[in-house]
Structure formats: C-alpha cells, structure tokens
Amino acid sequence: MRPFAPRLVGALVLALAVVYLIVLVPPVARTYVSDDMVFVIPILVSDSEGRSLLGAIGSLLAPDRGYLPRVLQRLYFLASLWLWGPANAGLAYGGVLLQMASSCLVWTLARRLGMGQQGAWLAAGLHLTAWVGFHASLWSSAVQHVISSLGVLAVLNLYLAAELRRRAGTSWRGLYWATVAVALVSSLSRASSLIGPAA
C-alpha cells in the first residue's frame, strides 16, 4: 500500500469515532431511562411518602425488603438519580470515556504485538464502536464491564512493557510490580466485588 495509507486509515477511524461519539451516543444517553428508574426508584419514593425524615431513612435502610436490592445498591440508585437524573446520561458519558481510554490501550497493545499502524488503528476503531461500549451508554451497569476491560488491557500493556525491558536487560522490576498492582485493582472493578460483601 502507499505510504499515506496508515494516515488515511487513522483519519477514517477518527471520523468514525466522531460520528459515533457526537452523533449517535448523546441522543441515546439523554433519552434512555434506566431500569432502576422504572422499577426501584418509584418503590423507594412511594415508601417514603407520608413519613418523617427518620421514618423515610429507616424505610430506605430496612434490611428485610426482599423485593428490593440491598441497602448499598439502593443508595447507589438514589445517588445516581440525584447526580445524573433519570436518564443516567452523566454515567453513560463516563462509560464512553472509559471505552475511549480502552481503545487507546487496544492501539498500544496492537503496536506492542507488532501490528502495523493500519492494523492498530482498525483494532482501536473496532473496539471503540464495539457493543460493550455502546451498551455502556444504554445501561449504566455495563460501565462495570468497560472498567473491567480497561483493567485487563492495562495489565496486558504493562506486562508486555515489563517483559520487553527484561529481555533488553534494562530495569523492569518497577513495571512488573505496577502490573501486579493494576491486576489487583482491576480485579475489584466489578461493583459486585466492592458492594456485595458490604451489602
């Protein structure tokens, strides 16, 4: 192919990203009402009506309500309603930004594995527009999957960088321990890992 082809591929991928991020994602994120707002929030609101402040807090924190999620998840739903509104648009945009960061790591990983610029750009573009990223803009809990993939990609990139340094005979132990630390942190990226034991 001609020398300008990698730049052309990169430009096409960036144009696709612009269409995806500016044209497609915002209307969906602004108009989507999450299932929390449809099922859980109305119950929490109706249960607190007509109660005193202490009564409403007691109702919210009551542990014996099998038809509702656990206490910490209820608080999370109320906090996301307060922060983002019923559409969870802010959380959706956060998920898309995390997906973009993951796509940058896909590009870096592809280059580390010896792919040319064209292949790396295509891999990053396909990753950016993959279903899991779009799913994060539709359903706020999918942000957890985006965080998980970000952690895995960061671990792979750090490991390969440490291994390349080790083979070159340069200092690699710092990157190795950074890889271990990122692996441990990313293993806690699912909300169930953090909220489950406490709830």
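Not measured: the values here are computed from a predicted model.

### Quick look at the overall build of the chain
- A count of helical and extended segments in the chain gives 10 helices and zero strands.
- When its helices and strands are written in sequence order, the chain yields α-α-α-α-α-α-α-α-α-α.
- Expressed as a percentage of its 199 residues, the buried residues of the chain come to 34%.
- Within the chain, residue pairs in contact and separated by at least 24 positions form 70% of the contacts whose partners lie at least 6 positions apart.
- Accessible surface computed for the chain: about 11700 Å², of which carbon and sulfur atoms make up 71%.

### What to know about the pattern of salt bridges
- Taken as a whole and assessed by the stated rule, the structure comprises two salt bridges.
- As a salt-bridge pair, Arg166 and Glu163 come within 2.6 Å of each other at their nearest N and O atoms. Taken together, the residues span about one helical turn, with Arg166 and Glu163 both in helix H8 (residues 143-168) at a distance of three residues.
- We classify Arg166 as partly exposed; its relative accessible area is 39%.
- Residue classification places Glu163 among the buried positions, given a relative accessible area of 15%.
- Where Arg167 meets Glu163, a salt bridge forms, and the shortest distance between an N and an O atom there is 3.0 Å. Of the two residues, Arg167 and Glu163 are both situated in helix H8; the distance of four residues between them amounts to about one turn of the helix.
- In the salt-bridge network here, residues are joined through shared partners; they are Glu163, Arg166 and Arg167.

### A short note on helix H3 (residues 53-61)
- Taken together, the buried positions of H3 are occupied by Ala56, Ser59 and Leu60. Down the axis of H3, the smallest arc covering the buried residues is 100 degrees, so these residues share one side.

### Some thoughts on the confidence of the model for the chain
- The predicted model of the chain averages 75 in pLDDT, with 72% of residues at 70 or higher.
- Confidence scores differ between elements of the chain, with helix H10 (residues 191-198) showing the lowest mean pLDDT of 43 and helix H9 (residues 173-186) the highest of 87.
- For the stretch residues 191-199, pLDDT sits under 50, and the model shows 11 contacts to residues farther than four places along the chain or on other chains.

Calculation criteria
- Residues numbered from 1 in each chain as written.
- Predicted model: local features only at pLDDT ≥ 70, side-chain atom pairs only at ≥ 80, totals over all residues.
- Heavy atoms only, no water.
- Helix = DSSP H or I, 4+ residues; strand = E, 2+ residues; numbered from the N terminus.
- Buried < 20%, exposed > 50% of the residue type's maximum accessible area, 1.4 Å probe, protein only.
- Contact = heavy atoms within 4.5 Å.
- Areas by Shrake-Rupley, 256 points an atom, 1.4 Å probe, with all protein chains shown as cover.
- Salt bridge = Lys/Arg side-chain N within 4 Å of Asp/Glu carboxyl O.
- Arc of directions from axis to C-beta.
- pLDDT = per-residue confidence, 0-100.

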